[in-house]
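# Descriptive structure summary
Residues per chain, in single letters:
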Amino acid sequence: KSLNYYLNKAYIFTLFPAIICLLSIHFYSSEFMNLLFKTTIGSTLAKKVSLLFIFYYLQIISSSILQAIGQVKIILINSFLSNLSRLTFILVLPFFPTININSILYAVVISIIISAIYLVINVFNKTKFNININEFISLTFLVIISYFTFELFIYFKLNFIISLLIVLIFNGLGFIKL
């Protein structure tokens, strides 16, 4: 029981802040690019792929859990297969005319998704992990509210720093309840 509790907390404490960051990048990609790099080049691409990087966070926490329970061989196999699939996608995808220029990005994203799914399945199998439904519903509810709050702030053209602070405070209060 206690392992299940800590696994739930590990996933929640990793995914919740990650989702808020990814939603922020999704809605304010131009503003972040301008703030960090003084240009908005790449902001449309960042907006398109930002939400897919939730799989990256799943991959990180899952490999940490597997390493903690001594399943390093699974991580090594996953790393090998992930890199092999990434190289394969990098070599194959440029031949598709619609993907052409974005082939490296697609290769990285696809390999991260495959790797994350493989690692999460292994965590579930090796630990007999059961998701706490109440925490999952609460997290989903907070994410949905955050999404629509960002949509509302964009609609009313609220300054992105103020809207980020409001969403962070609101989610911080919700996070305390989790």
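### Points about the overall build of the chain
For the chain, the count of helices and strands is eight helices and zero strands. Moving toward the C terminus, one meets the helices and strands of the chain in the order α-α-α-α-α-α-α-α. Considering only C-alpha atoms, the chain reaches an extent of 50 × 50 × 25 Å along its principal axes. Residue burial in the chain is summarised as follows: out of 178 residues, 37% are buried. Contacts in the chain between residues far apart in sequence, at least 24 positions, make up 74% of those at least 6 positions apart. Total accessible area on the chain is roughly 11200 Å²; 73% of this is exposed by carbon and sulfur atoms.

### Quick word on helix α7 (residues 133-155)
The end-to-end C-alpha distance of α7 is 33 Å, a good match for the 33 Å that 23 residues give at a rise of 1.5 Å each. All of the buried residues along α7 are Glu-135, Leu-139, Leu-142, Val-143, Ser-146, Thr-149, Phe-150 and Phe-153.

### Here we look at the layout of surface pockets
What the largest pocket holds in volume is close to 340 Å³. In terms of lining residues, the largest pocket is bounded by 18 residues, among which Tyr-11, Leu-15, Leu-58, Phe-136 and Leu-139 are the most central. Counting only elements with at least two residues in the lining of the largest pocket, the list comes to α1 (2-27), α4 (54-68), α6 (103-127) and α7. Sorting elements by how many residues they give to the lining of the largest pocket places α7 first, with six residues. Taken together, the residues of the lining of the largest pocket break down into 14 nonpolar, three polar and one charged.

### Regarding unusual backbone geometry
The phi angle at Lys-38 is positive, at roughly 60°, despite the residue not being glycine. As for its placement among the helices and strands, Lys-38 is situated in the loop between α2 (29-37) and α3 (43-49). Lys-38 sits in the exposed class, given a relative accessible area of 68%. Although it is not a glycine, Lys-157 sits at a positive phi angle of roughly 55°.

### Concerning the nonpolar core
In this structure, Tyr-11, Tyr-28 and Phe-150 are the most contacted members of the largest nonpolar core, which totals 32 residues. Mapped by element, the contributors of at least two residues to this core are α1, α4, α5 (72-92), α6, α7 and α8 (160-177). With eleven residues, the single largest contributor to this core is α1.

### Observations regarding α6
Because an α-helix packs 3.6 residues into every turn, residues spaced three or four apart end up facing the same way. The end-to-end C-alpha distance of α6, which contains 25 residues, comes to 36 Å, matching closely the 36 Å that a straight helix rising 1.5 Å per residue would cover. Once α6 ends, the next one or two residues include Lys-128, with phi positive near 55°.

### Describing the packing of α1 against α4
At their nearest, the axes of α1 and α4 sit 10 Å apart, and the two run at 155° to each other. The angle between α1 and α4 falls in the class roughly antiparallel. Read as a crossing pair, α1 and α4 show a hand that is right-handed. On the side of α1, the interface is formed by Leu-7, Ala-10, Tyr-11, Thr-14, Leu-15, Ala-18, Ile-19 and Leu-22, while α4 contributes Ile-54, Tyr-57, Leu-58, Ile-61, Ser-62 and Ile-65. Classifying every residue of the contact of α1 with α4 by side-chain character gives twelve nonpolar, two polar and no charged.

Basis of the calculations
Residues numbered from 1 in each chain as written. Predicted model: local features only at pLDDT ≥ 70, side-chain atom pairs only at ≥ 80, totals over all residues. Heavy atoms only, no water. Helix = DSSP H or I, 4+ residues; strand = E, 2+ residues; numbered from the N terminus. Buried < 20%, exposed > 50% of the residue type's maximum accessible area, 1.4 Å probe, protein only. Contact = heavy atoms within 4.5 Å. Areas by Shrake-Rupley, 256 points an atom, 1.4 Å probe, with all protein chains shown as cover. Expected span 1.5 Å × (residues − 1). 1 Å grid on protein atoms, 1.4 Å probe; cavity = no way out; pocket = protein on both sides within 12 Å on 5 of 7 lines; lining within 4 Å. Points joined across faces, edges and corners; volume = space filled by probe spheres on them. Nonpolar A, V, L, I, M, F, W, Y, C, P; charged D, E, K, R; others polar. Core = buried A, V, L, I, M, F, W, Y, C linked by side-chain atoms within 4.5 Å. Axes fitted to C-alpha atoms, helices over the stretch in contact; angles between N-to-C directions. Parallel < 35°, antiparallel > 145°, perpendicular 65-115°, else oblique. Left-handed = near helix turned anticlockwise from the far one by under 90°.

The values are spatial; any link to function lies outside them.
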